[in-house]
Amino acid sequence: MTNWHDMPVLKSGGVRFLDGQYLFNPAGVNHGAFEWKGDLADADTGDGHNVYMLVRVEGHGWVRYNGKQGRTVSLHHSNWDGAQRHTVNAEIKACRNRGSLHPDNCSFAKKYSSER
């Protein structure tokens with residue numbers, strides 16, 4: 001059985017990803033995916049901006065998972081590279097969408113590698 005590992009809090013202005021956990025599934029289990037879960041919080045409910053998570057594996061592009069403006073939502077997702085039996089490398093970060101006139105702000109990307 002694969003064990004979950006704790007993530008540090010991912011944060012930037014107006015966004016927090018709390019109680020994060022991740023695991024790398026073995027080949028043949030859930031596509032060998034990087035699986036992650038936690039609570040995405042809009043940390044500045046009065047700013048009118050939404051929050052989201054970005055995740056990427058094996059050098060692919062970022063995949064976006066939206067939160068809810070003014071709320072905290074629980075997220076649980078799996079990301080994988082279909083060309084491989086199991087995922088080896090992944091990155092994840094939390095962001096605030098500041099609209100089209102201002103660049104979004106994100107936490108530093110947290111990088112993970114499986115222990116294979």
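Up top is the structure these notes are about.
Residues numbered from 1 in each chain as written. Predicted model: local features only at pLDDT ≥ 70, side-chain atom pairs only at ≥ 80, totals over all residues. Heavy atoms only, no water.

Undergrad: Any chance you could explain the overall build of the protein here in plain terms?
TA: A count of helical and extended segments in the protein gives 0 helices and 10 strands. Relative to the compact-globule value of 13 Å for 116 residues, the protein shows a C-alpha radius of gyration of 14 Å, a close match. Judged by the C-alpha coordinates and their principal axes, the protein covers about 45 × 25 × 20 Å. Within the protein, the proportion of its 116 residues that are buried is 38%. (Helix = DSSP H or I, 4+ residues; strand = E, 2+ residues; numbered from the N terminus. Rg over C-alpha atoms; globule rule 2.2 N^0.38 Å. Buried < 20%, exposed > 50% of the residue type's maximum accessible area, 1.4 Å probe, protein only.)

Undergrad: Explain the state of the cysteines to me, please; I cannot follow it from the model alone.
TA: According to the stated counting rule, one finds 1 disulfide in the structure shown. Disulfide pairing places Cys95 opposite Cys106 at an S-S distance of 2.0 Å. The disulfide joining Cys95 to Cys106 has a torsion of about 110° about its S-S bond and is therefore right-handed. Separated by 11 residues along the polypeptide, Cys95 in strand S8 (residues 89–96) and Cys106 in strand S9 (residues 105–106) bring together distant segments of the chain. (Disulfide = S-S within 2.5 Å.)

Undergrad: Can you walk me through unusual backbone geometry in this structure?
TA: The phi torsion of most residues other than glycine is negative, and most of the peptide bonds are trans. Its identity as a non-glycine residue notwithstanding, Asp19 has a phi of 55°, on the positive side. Relative to the assigned elements, Asp19 resides in strand S3 (residues 15–24). On the accessibility criterion, Asp19 (61% relative accessible area) is exposed.

Undergrad: Whenever I open this one, the side chain of Glu35 confuses me. Can you help?
TA: Relative to the elements of secondary structure, Glu35 occurs in strand S4 (residues 34–42). One buried charge, Glu35, has no salt-bridge partner; the nearest side chain with opposite charge is Lys37, at 6.9 Å. Side-chain polar atoms of Glu35 contact the side chain of His76, separated by 2.6 Å. (Lys, Arg positive; Asp, Glu negative; His and termini not counted. Salt bridge = Lys/Arg side-chain N within 4 Å of Asp/Glu carboxyl O. Polar contact = N/O pair within 3.5 Å; in protein donor to acceptor, adjacent residues only side chain to side chain.)

Undergrad: Got a minute to help me understand the packing of aromatic side chains in this structure?
TA: Geometrically, a pair of aromatic rings is defined through the distance of the ring centres and the angle of the planes. The final tally for this structure, using the stated rule, is 7 aromatic pairs. Residues Tyr22 and Phe34 carry aromatic rings whose centres are separated by 5.9 Å and whose planes lie at 35° to one another, so their mutual orientation is tilted. Here the residue Tyr22 occupies a position in strand S3, and Phe34 occupies one in strand S4, the gap between them amounting to 12 residues. Between the aromatic rings of Trp36 and Tyr65, the centroid separation amounts to 5.3 Å while the plane-to-plane angle is 70°, which identifies the pairing as edge-to-face. (Phe/Tyr/Trp six-rings, centres within 6.5 Å; stacked < 30°, edge-to-face > 60°.)

Undergrad: What's the story with the pairing of S4 in this structure? I'm lost.
TA: Working note: regular strand, side chains alternate between the two faces of the sheet. With 7 of 9 residues buried, S4 lies mostly within the body of the structure. Across 8 bridges, S3 lies against S4 in antiparallel orientation. Within the sheet, the bridge partner assigned to Gln21 lies in S4 and is Lys37. Note that S4 and strand S7 (residues 72–79) share 8 bridges and pair antiparallel. The residue bridging Ala41 from the neighbouring strand is Thr72, located in S7. (Pairing = 2+ DSSP bridges.)

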